[in-house]
Amino acid sequence: MRKYTKLVALGVIFFAVTISSIGSSTARSQTERSLAGEWIVTSKPINGQMASPKGVSLGFPDRDMIFEQQGDLRTGIVLREDVGANVHPLGVWRIDGDLFSSTFQLWCPDSNGPCGSIVMRGNFVNDDKIRGTMTAFFNLNDDNTPTGYDTWTFSFVGNRVGGGSN
Amino acid sequence: MPRPGHSQKLVCALATVALLLTSASPAFAGKELAGRWVLRITIPEAPGSTVTRTFNVTLDVSPRGASLHGRANMTDEAGRTVGAAWRQTGKSVSITYELPCPGDGPCGTLILQGKVKDGGILIKKGSVIVMWDTINDRNPALYDTSTGTFRGDRISE
């Protein structure tokens, strides 16, 4: 009889812990992060790949990025004062819990050179820090990629300006 | 101080230049991505799928002014509106946006590329790159990718 009582007690504790952990996990997923704000994003090569297979590189400057949100419209802008005062590549973003995606157009003043688009995929380390990878699709043919476009990836880490992770 | 005859010639020359510029602008602007468009996009249903889906979106393009880039709003058939960014060199235009994902299917990022033709009212045989949210270490993009097609028709200025 005592064994039975212990078994029931253990079962009740297990049930309570399980329910509690499900509850806290649900609460976490309901607290959605936001990219809105200013970020300094630092990128670096993956496996030493300094350029795309077709030889295109964006370099690895720190990028000053500002993300905004007005309702469902989530926009982004890169401040490239290092290149020119009016150089402002534009993009958009979306978020799903800790994961986010963003896409930008590359700024290509030389109409004869290659151009392309960037897709950022990442996650929040905390509210003020993000990390992930960037994929560049250049408008150069590459038969070795599934899309047929020259494709290059690199990694990034971003810190929110004024955030606690700086 | 120019003589009156010289001055008249100068005014005449300036007026001619102004006239040429005025008449040239609309022709150039006509090929610029502008106004409201319906884009008919065909992409795979999911990463690796051979089944495609075709859907329409309405693209409201904001003028880019002197910038190389512009913004736009993309509204799908369910009435969901998200932002988009575009650039254009000559007739070649590129539009990127994030699919509005209600959570009941695979999500991704779309890059649309095409040429603005017929005086700025048509994008025919455009191509689409889809970068899905599913990680794929064997793909050079590090995520699953697909390709698709699109056509654009301008419906109003």
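Conventions and cut-offs
Residues numbered from 1 in each chain as written. Chains lettered and ligands numbered in written order. Predicted model: local features only at pLDDT ≥ 70, side-chain atom pairs only at ≥ 80, totals over all residues. Heavy atoms only, no water. Helix = DSSP H or I, 4+ residues; strand = E, 2+ residues; numbered from the N terminus. Buried < 20%, exposed > 50% of the residue type's maximum accessible area, 1.4 Å probe, protein only. Core = buried A, V, L, I, M, F, W, Y, C linked by side-chain atoms within 4.5 Å. Contact = heavy atoms within 4.5 Å. Buried area = accessible area lost by both parts, 1.4 Å probe. Salt bridge = Lys/Arg side-chain N within 4 Å of Asp/Glu carboxyl O. Polar contact = N/O pair within 3.5 Å; in protein donor to acceptor, adjacent residues only side chain to side chain. Nonpolar A, V, L, I, M, F, W, Y, C, P; charged D, E, K, R; others polar.

Undergrad: What am I meant to see in unusual backbone geometry here?
TA: With the exception of glycine, the majority of residues adopt a negative phi angle, and the majority of peptide bonds are in the trans configuration. Residues and elements named next belong to chain B. With phi around 55°, D118 is a residue other than glycine that occupies positive phi space. Of note, D118 is situated in the loop between β6 (108-117) and β7 (122-135). The phi dihedral of K125 falls on the positive side, at around 55°, and the residue is not glycine. Turning to its location among the elements, K125 is positioned in strand β7. By relative accessible area, K125 is classed as exposed at 76%.

Undergrad: Looking at this model, I keep getting lost on the nonpolar core. Mind explaining?
TA: In a soluble, globular protein the nonpolar side chains are often hidden away together inside. Residues L33(B), L39(B), I41(B), I95(B), Y97(B) and L110(B) are the most contacted members of the largest nonpolar core, which totals 27 residues. Those elements that provide at least two residues to this core are β1 (35-44), β2 (52-61), β3 (69-76), β4 (81-89), β5 (92-98), β6 and β7 of chain B. Residue contacts for Y97(B): discarding those within four places in its chain leaves V92(A), T103(A), I41(B), F55(B), V57(B), M74(B), V82(B), G83(B), A84(B), T109(B), L110(B) and L112(B). Within the second largest apolar cluster, 24 residues are counted, among which are V41(A), I95(A), M120(A) and F156(A).

Undergrad: Help me understand the interface of chain A and chain B, please; the structure alone is not making it clear to me.
TA: Quoted interface sizes are often the accessible area lost when the parts come together. Contacts between the two partners involve 37 residues from chain A and, on the opposite side, 38 residues from chain B. Of the roughly 2,900 Å² buried at the junction of chain A and chain B (both faces included), carbon and sulfur atoms supply 62%. Considering only the side of chain A, the residues that lose the most area to chain B are R94(A), Q105(A) and R121(A), jointly responsible for 23% of the buried surface there. Between chain A and chain B we count three salt bridges in total. The interface formed by chain A and chain B contains 22 residue pairs in polar contact (both at pLDDT 80 or more). Contributing elements (two or more residues each) for the side of chain A that touches chain B: β3 (73-79), β4 (90-96), β5 (99-105), β6 (116-126), β7 (129-141) and β8 (149-160) of chain A. With five residues, the single largest contributor to the side of chain A that touches chain B is β4(A). Across the side of chain A that touches chain B, the residue classes tally to 16 nonpolar, 18 polar and three charged.

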